[in-house]
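The primary structure of each chain is shown beneath.
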Amino acid sequence: MYYERSVWTSAPRPVDRLVPLDEASVRGVAVHFTGSSSPLGPTASLQGSAHRLEEVRTFHAQVRGWSDIAYQCAVDVDGRVFDCRGIGYRPAANGNARVNEQYGAVTWLLGAGDQPTTTMVEAFRDWRRTRWLARYPHATGVVGHRDLYPTECPGEPTYALIRSGVLTAGGTVPLTDAEIDAIATRTRDKILGVTYGQQEDGRPFTLGMLWGEVRVHAMKAATGIDLDALASAIVAKLPAGAVDPQRLAAAVADELAMRLNA
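Worth saying up front: this structure is predicted, and the values here are computed from it rather than measured.

Calculation notes
- Residues numbered from 1 in each chain as written.
- Predicted model: local features only at pLDDT ≥ 70, side-chain atom pairs only at ≥ 80, totals over all residues.
- Heavy atoms only, no water.
- Helix = DSSP H or I, 4+ residues; strand = E, 2+ residues; numbered from the N terminus.
- Buried < 20%, exposed > 50% of the residue type's maximum accessible area, 1.4 Å probe, protein only.
- Polar contact = N/O pair within 3.5 Å; in protein donor to acceptor, adjacent residues only side chain to side chain.
- Contact = heavy atoms within 4.5 Å.
- Phe/Tyr/Trp six-rings, centres within 6.5 Å; stacked < 30°, edge-to-face > 60°.
- Lys NZ or Arg CZ within 6 Å of the ring centre and 35° of its normal.
- Pairing = 2+ DSSP bridges.
- Axes fitted to C-alpha atoms, helices over the stretch in contact; angles between N-to-C directions.
- Disulfide = S-S within 2.5 Å.
- Salt bridge = Lys/Arg side-chain N within 4 Å of Asp/Glu carboxyl O.

Peer 1: Can you break down the side chain of Asn94 residue by residue, with the values?
Peer 2: Within the secondary structure, Asn94 is located in the loop between strand S4 (81–83) and helix H2 (97–102). Look at Asn94 and you get buried, because its relative accessible area is 0%. At a separation of 2.8 Å, a polar atom in the side chain of Asn94 contacts the side chain of His32. Side-chain polar atoms of Asn94 contact the backbone oxygen of Tyr103, separated by 2.9 Å. When sequence neighbours within four positions are dropped, the list of residues in contact with Asn94 reads Ala30, His32, Val99, Asn100, Tyr103, Gly104, Ala105, His145, Leu148 and Tyr149.

Structure (structure tokens):
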């Protein structure tokens, strides 16, 4: 979702005070963040992001005394991309005139404690491919503000993405631990559910069942214990009905100790 400048501010672009970005000099784009001392939150509204950008523009223009908001564009956590100073003009955010000539500047609307979202990453990559590289095809670099100037910007989570390479065309969006665990669980279940022949009663015999039998036979070979007999002995020790886990564990431990020491 790309939004023109007029969506977030009524202030016209001060083109007479801006310096065109020289295509021959530019090497890439630098990623920034807002640096807010408090989180901006895991979601964003159009109104909220627009208000935040207007605050930044006012600070840059009235307090810093700069011509305009320092960034060429901005990205929020819901994947909105906002035209700011414009990619045709030199930014004022990277630290000094030299690095502003060499790198564009994109700010991610993240505060302290905020995490970049997959949607934000994808929006940045789409903007870079369809707009930035379309205009500056040789400016392929993606760096953090801290690579150009002594600063903590763009924050550790965002800088880790930059260093990993996922923001460039060939990268992939990293998965969370929960997503990785879910994929691993589904993959395991699918593998173990593969049919491997049939049981005597006609029901499918799965790879999970086969693996269970292999483990039983391996344990029997290693210990000399007949696991079927072990299971029968444990069941005989337990009362009918529900059994609490501690009593079951104790029965298994006692029977195993007895059989291993026999």
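Let us keep going from here.
Peer 1: Can you break down the packing of aromatic side chains residue by residue, with the values?
Peer 2: Scanning the model with the defined rule gives 5 aromatic pairs in all. Three or more aromatic residues link up through ring pairs in this structure, and these residues are Trp108, Phe124, Trp127, Trp132 and Tyr136. We note Arg131 situated over the ring of Tyr2; from NZ or CZ to the ring centre the distance is 3.4 Å. When the ring centre of Tyr159 is taken as origin, the NZ or CZ atom of Arg146, which lies over that ring, is 4.4 Å away.

Peer 1: Mind laying out the sheet that holds strand S3 (residues 73–75), listing which residues take part and the relevant values?
Peer 2: If you trace the 6 strands from one edge of the open sheet to the other, you get S1-S4-S3-S5-S2-S6, paired in mixed fashion. On the outer flanks of this sheet lie strand S1 (2–3) and strand S6 (141–144), each paired with one strand and no other. As paired elements, S1 and S4 share 2 bridges and run parallel to each other. For Tyr2, the partnering residue across the bridge sits in S4 and is Val81. Most of the contacts of helix H4 (residues 156–164) go to S6, to which it runs at about 150 degrees, and overall it touches strand S2 (28–33), strand S5 (103–108) and S6.

Peer 1: Give me the lowdown on the state of the cysteines, citing residues and values where you can.
Peer 2: Overall, the coordinates contain 0 disulfides when judged by the stated rule. Left without a disulfide partner, Cys84 is nearest to the cysteine sulfur of Cys73, which lies 6.4 Å away.

Peer 1: Lay out the pattern of salt bridges with the relevant residues and their values.
Peer 2: On inspection of all chains with the given rule, the structure shows 9 salt bridges. For the salt bridge of Asp76 with Arg80, the shortest nitrogen-to-oxygen distance reads 2.9 Å. A relative accessible area of 1% places Asp76 in the buried class. Two residues, Asp126 and Arg129, come together in a salt bridge whose shortest N-O distance is 2.7 Å. On the criterion of helical spacing, the pair formed by Asp126 and Arg129 is a turn pair, its members being 3 residues apart in helix H3 (residues 118–135). Taking relative accessible area as the criterion, Asp126 reaches 35% and is therefore assigned partly exposed.

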